[in-house]
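Now for the letters of each chain:
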Amino acid sequence: MSETHSHVIVGGGLEGLAIAWSLAERGETDVVVLERDTLCSGMTGKSSGVVRCHYGAPSLAAMSWYGVEIFSRAAEIFGDDMGFQQCGYLVGVGADNLDPLHANVAMMRGLGIEVDLVGHDTVADLWPGLHLDDFAAFAYEPKGGRGEAYLTGMAFAATARALGVRIRQSTPVRALLQRPDGRVYGVELGDGSQIHADTVVLATGPWTPALAAGVGVDLDIRAQRAQLVLVDQGAPTPVVPVLSDLAGLSYLCREPNGEILFGNSDHSAPQYLDPDDYVNRADESTIDTAIAKLGHRLPDMPDPRVTGSYVGAYDVTPDYNPVIGPAPVDGLFLAAGFSGHGFKISPAVGKLAADLIVDGKTDLPNVDPEDFRWSRFAEGEPLLSPHPYRGAGEMR
C-alpha cells in the first residue's frame, strides 16, 4: 500500500514542524509530517530555550534576529505566546575575549540587531547579586530572552494543521526509498507501507545519519551529551536576563518557577551518547561543577540546593553548525546538525527550508544558504566565526 504527497517531512520535532508550517504558509499544504513517537518527544523537549542573536557567523545572527521577530509576535501569528519571555540576553567576557566581543557586536549592529555594550553598573542592576569582578565587558540584547521549545513546536504544528498539513504520530520510518538513478522518492514505514513524495525532508536530529546512510549520504553528525542542572537559590530568582558567562564558561537562565537552569559552555572535552539509550540525569562531576561555578557567580544565594537535572543531546556537526539544504541525491532535503542552536533559529530554519524547497533560493535578510550546504565539509570550508571566543568558539 502507498500514498503520494508533494512533501514528506520525517521528524515531528521543532525543526520539522517549523518547516511544515513555513511550507503551508507558502501555500504548499500537500505535506505530511511523520513522527515515530509523539510530537516534540525527542530532543526538542530537552532544549534550554535560550533566545539570542550573539553569534560570530553573520547568517546565524541574522537567522536568530528573524526568530526574535517571530517569537515577539507569536500571539499574533499563532494565537499562542509559546512561552516566550523577553527578559533580555547578556554576554560577559574576560579580558582575553574583548576583541571578539567588540567585533561581534559591530557585526550584529551592521545587520540591524539591537545590541549594546554595557558596563558593570548596568549589569549589577539587571541581575543583582552577580559576582562581576572577573568580567571585562558585556553585551546586552534587550529583545533576547527565553522560550519553551515544546510549546513552540506545538504552535508550529497547530498552525500547520489548520492550513491543511497532515501530521502522523506513532509512525516510524524504516528507510528512505531510492530509484536506480539515485533519486529519493519516498519513505518506507515501520509497517511496510510506503509514502511517495516529490521531496523528502530529513529533520530527525541525531537520528538523521542512519536514515541518510541508507541512500548513500554520509552525514558526520554525532549526539553530544548536554547536561542541565536545576538549582533553587533558597529564594525565587527575580526576572533577570539569560546570562552567557564566557569568563566561567557556563550559562544561567531563570526558570518560570524562579529556579536557575545551569548549562555548560565548555566544549573542550565533549562526551557522546546513544540518543536511544542513555541516563537522563547529570553525572556527579557535572553537579559538582555546577555547584562550584554557581557559588562563584552567585555567592550570596541564601540556601542553595540542587533540585534536579536532565540530559539532552546536541546533534553536532564538525563545525557546530547545521546542514540545511539539498542532499547530494535528488529528492532529499536535509535539516539536521543544529548543534544547540536549533530553538532560537527555528522560525528562520522553517522559512529557509521552505524557500529552498520551493524556489531554490531565499529572501531571508542577510542569510547565505551556501553557509549551510552539505558539501562544505568535504570542500574544506566549514562555517566558522571570524571572531571566535577563546574557550567557547565551538558554540559561537
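The present account deals with the structure reproduced in this document. Everything numeric here is computed off the predicted structure, so don't read it as measured data. (Residues numbered from 1 in each chain as written. Predicted model: local features only at pLDDT ≥ 70, side-chain atom pairs only at ≥ 80, totals over all residues. Heavy atoms only, no water.)

1. A word on the state of the cysteines
Right, on to step 1. Under the defined criterion, the tally for this structure stands at 0 disulfides.
Right, on to step 2. Among the cysteines around Cys53, which has no disulfide bond, Cys87 carries the closest sulfur, lying 13 Å off.
Right, on to step 3. Free cysteine Cys253: the closest other cysteine sulfur is in Cys87, separated by 8.0 Å.
Right, on to step 4. Residue class for Cys253 comes out buried when judged on its relative accessible area of 0%. (Disulfide = S-S within 2.5 Å. Buried < 20%, exposed > 50% of the residue type's maximum accessible area, 1.4 Å probe, protein only.)

2. Section: the side chain of Gln224
Right, on to step 1. Within the secondary structure, Gln224 sits in strand β12 (residues 222-232).
Right, on to step 2. There is a polar contact of 2.5 Å between the side chain of Gln224 and the side chain of Tyr320.
Right, on to step 3. Setting aside its immediate chain neighbours within four residues, Gln224 contacts His267, Pro270, Gln271, Tyr272, Gly312, Ala313, Tyr314, Val316 and Tyr320. (Helix = DSSP H or I, 4+ residues; strand = E, 2+ residues; numbered from the N terminus. Polar contact = N/O pair within 3.5 Å; in protein donor to acceptor, adjacent residues only side chain to side chain. Contact = heavy atoms within 4.5 Å.)

3. Here's the deal with the packing of helix α6 (residues 149-162) against helix α9 (residues 342-359)
Right, on to step 1. Orientation of α6 relative to α9, taken along the N-to-C sense of each, is 15 degrees, at an axis distance of 11 Å. The pairing of α6 with α9 is recorded here as roughly parallel in orientation. Along this stretch, α6 crosses α9, giving a crossing that reads as left-handed. Residues Ala149, Thr152 and Phe156 of α6 form the contact with α9, whose own contacting residues are Phe343, Ser346 and Pro347.
Right, on to step 2. Among the residues forming the contact of α6 with α9, the class breakdown is 4 nonpolar, 2 polar and no charged. (Axes fitted to C-alpha atoms, helices over the stretch in contact; angles between N-to-C directions. Parallel < 35°, antiparallel > 145°, perpendicular 65-115°, else oblique. Left-handed = near helix turned anticlockwise from the far one by under 90°. Nonpolar A, V, L, I, M, F, W, Y, C, P; charged D, E, K, R; others polar.)

4. So, the environment of Ala95
Right, on to step 1. Along the chain, Ala95 falls in the loop between β4 (89-93) and α4 (98-110).
Right, on to step 2. As for Ala95 and His196, which are separated by 101 residues in sequence, their C-alpha atoms are 56 Å apart.

5. A few points about the pattern of salt bridges
Right, on to step 1. Counting across every chain of the model gives 21 salt bridges.
Right, on to step 2. Its salt-bridge partner being Asp134, residue Arg297 comes within 2.8 Å of it at the nearest N-O pair. With Arg297 in helix α8 (residues 284-297) and Asp134 in the loop between α5 (120-126) and β6 (137-141), this residue pair connects regions lying 163 residues apart in the sequence.
Right, on to step 3. Under the relative-accessibility criterion, Arg297 is labelled buried at 2%.
Right, on to step 4. A residue is classified by how much of its surface remains accessible, and Asp134, at 31% relative accessible area, is partly exposed.
Right, on to step 5. Between Arg376 and Asp319 there is a salt bridge, and its shortest N-O distance comes to 2.8 Å. Remark: Asp319 occurs in the loop between β16 (305-316) and β17 (323-326) and Arg376 occurs in the segment after α9; sequence separation between them is 57 residues. (Salt bridge = Lys/Arg side-chain N within 4 Å of Asp/Glu carboxyl O.)

6. Comments concerning the pairing of strand β10 (residues 184-189)
Right, on to step 1. Burial within β10 is extensive, with 5 of its 6 residues counted as buried.
Right, on to step 2. Taking the residues that link successive antiparallel strands as the turn, the strand β9 (residues 173-178)-β10 hairpin has 5 residues, and the phi of Gly182 there is positive, at about 100 degrees.
Right, on to step 3. Both β10 and strand β11 (residues 194-202) contribute to a ladder of 3 bridges, which runs antiparallel. Residue pairing in the sheet places Gly186 in a bridge with His196 of β11.
Right, on to step 4. Hairpin connection from β10 to β11: 4 residues lie between these consecutive antiparallel strands, with Gly192 at a positive phi of about 90 degrees. (Pairing = 2+ DSSP bridges.)

7. Observations regarding the packing of aromatic side chains
Right, on to step 1. Tallied over the entire structure, the rule returns 6 aromatic pairs.
Right, on to step 2. Ring centres of Trp21 and Phe78 lie 4.9 Å apart, and the angle between their planes is 55 degrees; this geometry places the pair in the tilted category. Highlighted residues: Trp21 in helix α1 (residues 14-25) and Phe78 in helix α3 (residues 74-78), separated in sequence by 57 residues. Each of the two residues, Trp21 as well as Phe78, counts as buried.
Right, on to step 3. Three or more aromatic residues link up through ring pairs in this structure, and these residues are Trp21, Phe78 and Phe156.
Right, on to step 4. Seen from the ring of Tyr55, Arg52 lies directly overhead, with NZ or CZ sitting 4.1 Å from the centre. (Phe/Tyr/Trp six-rings, centres within 6.5 Å; stacked < 30°, edge-to-face > 60°. Lys NZ or Arg CZ within 6 Å of the ring centre and 35° of its normal.)

8. Here's the deal with the sheet that holds β12
Right, on to step 1. Spatially, 8 strands are ordered β5-β6-β4-β13-β14-β15-β12-β16 in an open sheet, and the strand pairing comes out mixed. What marks the edges here is a single partner per strand, and that holds for β5 (116-118) and β16. Each neighbouring strand pair of the sheet contributes to a mean axis angle of 25 degrees, computed without reference to strand direction.
Right, on to step 2. As defined by bridge partners, β4 adjoins β6 across 5 bridges and the pair is classed as antiparallel. Among the inter-strand pairings, Gly92 is bridged to a residue of β6, identified as Phe138.
Right, on to step 3. Contacts from α4 reach β4, β5 and β6 within the one sheet, and its direction differs from that of β6 by about 25 degrees.
Right, on to step 4. Strands β12, β13 (242-245), β14 (250-254), β15 (260-264) and β16 of the sheet are contacted by α8, whose axis makes an angle of about 115 degrees with β15.

9. A closer look at α6
In an α-helix there are 3.6 residues to a turn, and that puts residues three or four apart on one side.
Right, on to step 1. The end-to-end C-alpha distance of α6 is 20 Å, a good match for the 20 Å that 14 residues give at a rise of 1.5 Å each.
Right, on to step 2. By the burial criterion, the buried members of α6 are Ala149, Thr152, Gly153, Ala155, Phe156, Ala157, Thr159 and Ala160.
Right, on to step 3. Those residues of α6 hidden inside the fold are in contact with α1, α2 (58-72), α3, β8 (166-168) and α9.
Right, on to step 4. Two residues or fewer after α6 comes Gly164, characterised by a positive phi angle close to 120 degrees. (Expected span 1.5 Å × (residues − 1).)

Read these as geometric descriptors, not functional statements.
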